[in-house]
Amino acid sequence: MTIVPAHTECASLPIERLGREAILEVVANEPSAPTNADTIIAREFHMATSYRLAPIAENPERVGMGAPDEIGSPIWQEDWSIEPRPYKVYLDLRPIPLPRSFAPTRMSALDALSRRGDEPSATGVPDLQALARFGRLSNGLLERGMSRRQGQPIEFRTAGGTGARYHLELYFVCGDLPDLEAGVYHYAAQDHALRQLRRGDFRGALVTATGEELAITHAPVVMAMTSTFWRNAWRYKARAYRHAFWDAGTSLANFLGVSASLELATEVVLGFVDADVNALLGVDGEREATLALCAVGRNATPAPRVTALEPIAHATEPVSSAEVTFPQIPRMRAASQLHSRAEAAVWRGNALHRSLVVNSASLTPLAPTETTQLTIEQAILARRSTRHYDTARRVRFEAFSTVLDSSARGFAADALAANAPPLHDNYLIVNGVEGKEPGIYLYHPGARAIELLRYGEFRQQARRLAFFQDYAADAHVNSYYLADLESILERYGNRGYGVVQLESALFAGRLHLAAHAVGLRAVGSTSLDDEVVEFFSPRAAGSSYMFVTVFGFRRSRHEP
Ligand SMILES: Cc1cc2nc3c(=O)[nH]c(=O)nc-3n(C[C@H](O)[C@H](O)[C@H](O)COP(=O)(O)O)c2cc1C
């Protein structure tokens, strides 16, 4: 691990242009296999950042991180004097204030969560009000529930985040909007304002960087989401790279819910030339790097070309006075890059279609009949993480069904096939649902049914898997996301690692909001990686743990 002095942002190389015909020609000559086929790096990263039991006499529940023969502490958090700031603060740019109150939308939260983003009815046009909603409701401050850590206030965000170690930033690359001139803007959570990083229409730079992805070409606005890894790695070491994609998926669940409620078309775009997008935003790509783009809205006319891109280097406040590098992060990041437009276009061109095994004799159809009066903005602003569940109550089967069904319809994304099953499998530990025997189930979103794998009372195993956190035992349902990493890496290269983490977390983020919408509560968790896979085996054999969210009826903290 290396300690380096903090410095301000710097931009990298300008983008050179290729026309669409030239791209297609290059693409036609490219091999269709992933170009970064050396996926040992992702597999080693997963192993090096896996949590496993490392008991000692004084603490039989001690958890460590790493490969079995190289287990270290899972937490860094050693030097509070360099605790990172949770905000990116531009020093010299004028804030453009955003509206703080929003007219209520009409769509129910459950409908908004069920949208994929590519519905023909999504004909809305983004404006400043929409950007204000996106900023506030997917990466802004909750403006309530402040608490303290080491005497310092924590300002919670509208989207949950691992350990409240917030590290995401949002940027908007806009053409001329009805009430905002074209430019590249940063959304600042701390003062709920935009700052203009570039003036003029630079969407064409993203068209090029994505290898002419159609949704980007015709989007009036493209959102770019970055992570400043150190802001999370300060506590979680290299596992922060996983968290980057978990938290991005969680935040995108909010973002897509908001866009659906405004009838805005969206496509999440994960195939892009990293260096070119980072240069456009003026971020260094090492300490702060782009994780995902999202095209917002549809224009008939394509974005104009950008022929030259000057570097930008707006001064920012240092994140902390010194930073620690955990080498697994830059290694994984470097191995996941796309280097050319042609590579980006090929990478997304052949989405994985999994064929699933369904044991129809053990299927129970869901009954997703629950409704809600809440809008998505109400659900987001009411959402918090809940760690106390009422084991005396049972969740109605209809509510359980609705939470699962409205959170698993998928989302339009460049690298994911529409109408294909998700990249992950969703295993459930059911502890307290009316009419359902406790046990382990596998959810099949396509069949809108759950498949029984094993009856049994697994509360204590649930607690152990979720890092010995009691709430997993008490919660009515534990919703585990696992994936066959091998086939995903084979198809998407090392970049597929982030893709499947983000996809799983986005489903889980929607599940959290859907739980709120039907009067339940939820919380994400981290887990003992390999033990999770063993627990769900033989069905899950060969899979890897991605993520878990639990949900159920809240118990007041003061009740016994
Ligand atoms: C990806 C993810 C993993 C999380 N893991 C845990 C966990 O293991 N234990 C826990 O108590 N909370 C966990 N949380 C909840 C966060 O601590 C919580 O989101 C954060 O403190 C902000 O609080 P809020 O969700 O109430 O806004 C997780 C949240 C997310 C999004």
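Residues numbered from 1 in each chain as written. Predicted model: local features only at pLDDT ≥ 70, side-chain atom pairs only at ≥ 80, totals over all residues. Heavy atoms only, no water.

1. Description of the sheet that holds strand S14 (residues 363–365)
The strands that make up a sheet pair up through hydrogen bonds in the backbone, lying either parallel or antiparallel.
Part 1: Across the sheet, seven strands lie side by side as S14-S17-S16-S15-S18-S20-S19; this open sheet has antiparallel pairing. Looking at the sheet topology across the chains shown, the edges are occupied by S14 and strand S19 (521–525). Across the sheet, the axes of successive neighbouring strands diverge by a mean angle of 25 degrees, strand direction being ignored.
Part 2: Here three bridges tie S14 to strand S17 (residues 449–455), and the two strands are oriented antiparallel to one another. Opposite Leu363, over in S17, you have Glu451 as the bridge partner. (Pairing = 2+ DSSP bridges. Helix = DSSP H or I, 4+ residues; strand = E, 2+ residues; numbered from the N terminus. Axes fitted to C-alpha atoms, helices over the stretch in contact; angles between N-to-C directions.)

2. Observations concerning the sheet that holds strand S4 (residues 96–97)
Part 1: With respect to topology, seven strands assemble into an open sheet ordered S4-S9-S8-S7-S10-S12-S11, the strand pairing being antiparallel. The sheet is open, and its two borders are formed by S4 and strand S11 (266–269), each paired with just one other strand.
Part 2: Sheet topology note: the strand S7 (residues 168–174)/strand S10 (residues 221–228) ladder contains seven bridges and is antiparallel. Residue pairing in the sheet places Leu170 in a bridge with Met225 of S10.

3. So, the environment of Tyr480
Part 1: Along the polypeptide, Tyr480 turns up in strand S18 (residues 477–483).
Part 2: Under the relative-accessibility criterion, Tyr480 is labelled buried at 0%.
Part 3: For the pair Tyr480 and Tyr545, spaced 65 residues apart in sequence, the C-alpha to C-alpha distance is 7.9 Å. (Buried < 20%, exposed > 50% of the residue type's maximum accessible area, 1.4 Å probe, protein only.)

4. Some words on the nonpolar core
Part 1: Core analysis: the largest hydrophobic core is formed by 144 residues, its most contacted members being Phe172, Leu194, Phe400, Tyr480 and Phe536.
Part 2: Among the elements that make up this core, the one with the highest residue count is helix H17 (residues 495–517) (13 residues).
Part 3: By size, the runner-up hydrophobic cluster in this structure holds 28 residues, among which are Tyr171, Phe202, Ile216 and Leu281. (Core = buried A, V, L, I, M, F, W, Y, C linked by side-chain atoms within 4.5 Å.)

5. Thoughts on the pattern of salt bridges
Part 1: The tally for this structure, following the rule as stated, stands at 32 salt bridges.
Part 2: When the shortest N-O distance is used, the salt bridge between Arg287 and Asp284 registers 3.4 Å.
Part 3: The exposure class of Arg287 is buried, given its relative accessible area of 15%.
Part 4: Taken together, the shared-partner salt bridges connect Glu61, Arg463 and Asp470 into one network. (Salt bridge = Lys/Arg side-chain N within 4 Å of Asp/Glu carboxyl O.)

6. Regarding the packing of aromatic side chains
Two aromatic rings, taken as a pair, are described by how far apart their centres are and by the angle between their planes.
Part 1: Overall, the coordinates contain 20 aromatic pairs when judged by the stated rule.
Part 2: Arranged with centres 5.5 Å apart and planes meeting at 75 degrees, the rings of Phe45 and Tyr241 form a pair that is edge-to-face. Within this pair, whereas Phe45 is found in helix H2 (residues 40–48), its partner Tyr241 is found in helix H8 (residues 240–261), the two being separated by 196 residues in sequence. The burial state of Phe45 is the same as that of Tyr241; both residues are buried.
Part 3: Plain terms: the ring middles of Phe411 and Phe507 are 6.4 Å apart, the flat faces sit at 65 degrees to each other, and that makes the pair edge-to-face. Of this pair, Phe411 sits in the loop between helix H13 (397–406) and strand S15 (424–430) while Phe507 sits in helix H17, and the two are 96 residues apart along the sequence.
Part 4: Residue classification places Phe411 among the buried residues on the basis of a relative accessible area of 3%.
Part 5: What links up through ring pairs into an aromatic cluster is the set Tyr427, Phe458, Tyr480, Phe535, Phe536 and Tyr545.
Part 6: A cation sits over an aromatic face here: Arg384 above Phe156, 4.1 Å from the ring centre.
Part 7: A cation sits over an aromatic face here: Arg454 above Phe535, 5.5 Å from the ring centre. (Phe/Tyr/Trp six-rings, centres within 6.5 Å; stacked < 30°, edge-to-face > 60°. Lys NZ or Arg CZ within 6 Å of the ring centre and 35° of its normal.)

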